Amino acid sequence: MTSTALRRIQKELRDIHNNPIENVVVETKEDNLFEWDCIIIAESDSPYKGGKFKFTLSLPQNFPFKAPSVMFKTKIYHPGINEDGAICVPVLRDEWKPSVTLATVLSIIQGKLNHPSPDDPFEPDIAALLKNDKSKFLGTAKEWTKKYAM
């Protein structure tokens, strides 16, 4: 464990606790600041309205020089989140920079969850449905939310 990473994580946690992100809950594992349990409560204008979506945010030992990884634990019918719970956001892949804050990462994930887009999908079939038959997509998203996230 590097002290640089630990100092940065502690600072980021303080910043998140001092300026909470609305509808995002962050808790660290008791004995490991590198593992976060997070929840996003979907917005009222989201296809996932009322759902609580749990995910883990895992920070590498060489953070902030390497991006965190995110894995959803709650099943979600979403074009950008696959059935294993991986999320497709550029900031966690090729657009990562050490200057990116974890509050920014959480806000990007929250935006992606609340506003699904058929562009850059992890799940092409779901993206195609969103693009070509939005009402069917919305119905399935709502059904899955009730079944898995409430």
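Throughout this description, residue numbers start from 1 for each chain and increase along the sequence as written. Local features are withheld for residues below a pLDDT of 70 in this predicted model, meaning they are given only at 70 or higher, and side-chain atom pairs are given and counted only at 80 or more; totals for whole chains, interfaces and linings count all residues. Side-chain measures were taken over the full set of non-hydrogen atoms in the model, leaving aside hydrogen atoms and water.

If you check an unreviewed UniProt entry, the protein appears there as E2 ubiquitin-conjugating enzyme from Lentinula guzmanii.

S.K.: Can you tell me about the packing of helix 3 (residues 124-132) against helix 4 (residues 134-148), naming the residues and giving the values?
M.R.: Helix axes are fitted only over the stretch in contact, all axes being lines through C-alpha atoms; the angle between N-to-C directions runs from 0 to 180 degrees. A run of DSSP states H or I qualifies as a helix once it reaches four residues; a run of E qualifies as a strand once it reaches two. Both are numbered from the N-terminal end. For the pair helix 3 and helix 4, interaxial distance at closest approach is 5 Å and the crossing angle is 125 degrees. Put simply, helix 3 runs oblique to helix 4. Taken together, the residues of helix 4 that come into contact with helix 3 (itself represented by Ile126, Leu129, Leu130 and Asn132) are Lys134, Lys136 and Phe137. Classifying every residue of the contact of helix 3 with helix 4 by side-chain character gives four nonpolar, one polar and two charged. Comment on the angle field: the value is read as roughly parallel under 35 degrees, roughly antiparallel over 145, roughly perpendicular from 65 to 115, and oblique elsewhere. Note on definitions: a residue-residue contact is assigned when non-hydrogen atoms from the two residues lie within 4.5 Å. Residues are sorted three ways: Asp, Glu, Lys and Arg are charged, Ala, Val, Leu, Ile, Met, Phe, Trp, Tyr, Cys and Pro are nonpolar, and all the rest, Gly among them, are polar.

S.K.: How would you summarise the UniProt feature "domain: UBC core" (unreviewed entry) in the protein if you had to cite specific residues and measurements?
M.R.: UniProt positions are given in the numbering used here, feature names are shortened, and annotations may be inferred rather than shown by experiment. Those residues carrying the UniProt feature "domain: UBC core" (unreviewed entry) are residues 4-150 in this numbering. The span residues 4-150 carries 35% helix and 18% strand; its end-to-end C-alpha distance comes to 39 Å.

S.K.: Quick one: what's the story with the side chain of Asn82, residue by residue and with numbers?
M.R.: Tracing the sequence through the fold places Asn82 in the loop between strand 4 (69-72) and helix 2 (102-114). Buried residues are those whose accessible area, probed at 1.4 Å on protein chains only, stays under 20% of the maximum for their type, while exposed residues exceed 50% and partly exposed ones sit between those limits. Asn82 gets classed as buried once you look at its relative accessible area, which sits at 18%. Polar side-chain contacts of Asn82 include one of 3.0 Å to the backbone nitrogen of Asp84. In this view, Asn82 contacts Phe122 and Glu123; residues no more than four positions away in its chain are not counted. Two N or O atoms count as a polar contact when they lie within 3.5 Å, although within protein this holds only if one can serve as hydrogen donor and the other as acceptor, and sequence-adjacent residues are included solely when both atoms are side-chain atoms.

S.K.: Give me the lowdown on the side chain of Glu12, citing residues and values where you can.
M.R.: Its location among the elements puts Glu12 in helix 1 (residues 3-18). Residues contacting Glu12, with those up to four places away along its chain left out, are Phe63, Val100, Thr101, Leu102 and Ala103.

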